[in-house]
Amino acid sequence: QRRDASLFPVEIGLAKVLIGKEPMAVASVRDVTQRERAVAERESSEAKFQALINHSADPTFIIRADGAITYVNPAVESLTGYLAQEIVGQTLDDLIAQVHREDQARVRACLEAARNGAGRRSAVVYRRRHRDGDFRHIKAEMSTFDDLDQMQGLIINLHDITDEIAIKIELQDRNEEMNAVLESFQDQLYRVTGDGLVTACLSDGGVGKAPHRLVGLHVTDSMPAELAARFMGSIKIASATRQPQRI
C-alpha cells in the first residue's frame, strides 16, 4: 500500500540467513506494476484477437513458434471433419501429413516464405485430405505474429476452393469439347458474340486473311450493307431463341 492508500502489486523474495547464530529472514520487495499492466494489456489484446478469429467464417489455425497448434476456430471443423479439440495440441508436421504428397513441398516452401516475410502474407493452393478420405482444394494464407513470449508464431487462414476448381475444370472440359466439334467441321465456321464480334474462326471465310487475324473483327466487315443487316438480324434471333438460323 502506498502512502496515498492505493494498492499496487509487488513481488516479494525471501531468503533465510544466519546472523551470528540467530536465523533471520531477508525480504526484498519489487514494484511490478508496469510488468503486470503490460501482461494484462497483452492478454486483453490476445482475448480480443481470439474472439475476432472465433467469429470468422474462414477456418483459422494459430501455431506457436515450436510448431504446436494452440488454437483453431469452429470453422475448421467443417473444412477438416475434425473437432477443434482433436486438432489443438497437434503439430505443424501433423497438418502437413494431411496434405497431398505432391503438394507437401509447395506448402513447406510457403511456410518458410511466411516465416521470412516480416509479417507479409504468403499464399499457396494445395489439396488436403478431409476426415472422410476425400481431398479438398484449399487456398492457404499464412503470416507471422509475436506470441506472449515474444516468439514468432504463425496464423494460417484457409479457404475451401473445391467448388471453384470443379467449375473451372468443367468449363475447361466444355471448351475442349466445343473446340473438338468446331475442328470437325469442314465448312467455313465462325464463333461470334451477340453483337457480331468474331471470337474464333477455323478458316479465312474467303476473305483472304489468316483465321487468327479475323478474331476481334466484326463478322460483317466484308459484307455488303444489305447482307450485313440480314446477317445481324439472324444473329440476334439465334441469340434470343438459341435456334439455328439460315440466310
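For the structure given in this document, a descriptive report is provided here.

What counts, and where the lines are drawn
Residues numbered from 1 in each chain as written. Predicted model: local features only at pLDDT ≥ 70, side-chain atom pairs only at ≥ 80, totals over all residues. Heavy atoms only, no water. Helix = DSSP H or I, 4+ residues; strand = E, 2+ residues; numbered from the N terminus. Buried < 20%, exposed > 50% of the residue type's maximum accessible area, 1.4 Å probe, protein only. Contact = heavy atoms within 4.5 Å. 1 Å grid on protein atoms, 1.4 Å probe; cavity = no way out; pocket = protein on both sides within 12 Å on 5 of 7 lines; lining within 4 Å. Points joined across faces, edges and corners; volume = space filled by probe spheres on them. Nonpolar A, V, L, I, M, F, W, Y, C, P; charged D, E, K, R; others polar.

Relative to the assigned elements, Ala-140 resides in strand E6 (residues 135-146). What makes Ala-140 buried here is its relative accessible area of 0%. Spatially, the C-alpha atom of Ala-140 lies 6.5 Å from that of Ile-156, the residues being 16 residues apart in sequence. Every residue in contact with Ala-140, bar those within four places of it in the chain, is listed here: Ser-122, Ala-123, Val-124, Tyr-126, Ile-156, Asn-157 and Leu-158.

Here we take up empty space enclosed by the protein. Overall, the coordinates contain 1 cavity of 30 Å³ or more when judged by the stated rule. Space inside the largest cavity adds up to approximately 130 Å³. Lining of the largest cavity is provided by Phe-61, Leu-92, Leu-95, Ile-96, Val-99, Val-107, Leu-111, Tyr-126, Arg-128, Met-142, Ile-156 and Leu-158. Of all the elements in the fold, those that place two or more residues in the lining of the largest cavity are helix H4 (92-97), helix H5 (104-115), strand E5 (122-129) and strand E7 (152-160). Here the residues of the lining of the largest cavity are counted per class, giving 11 nonpolar, no polar and 1 charged.

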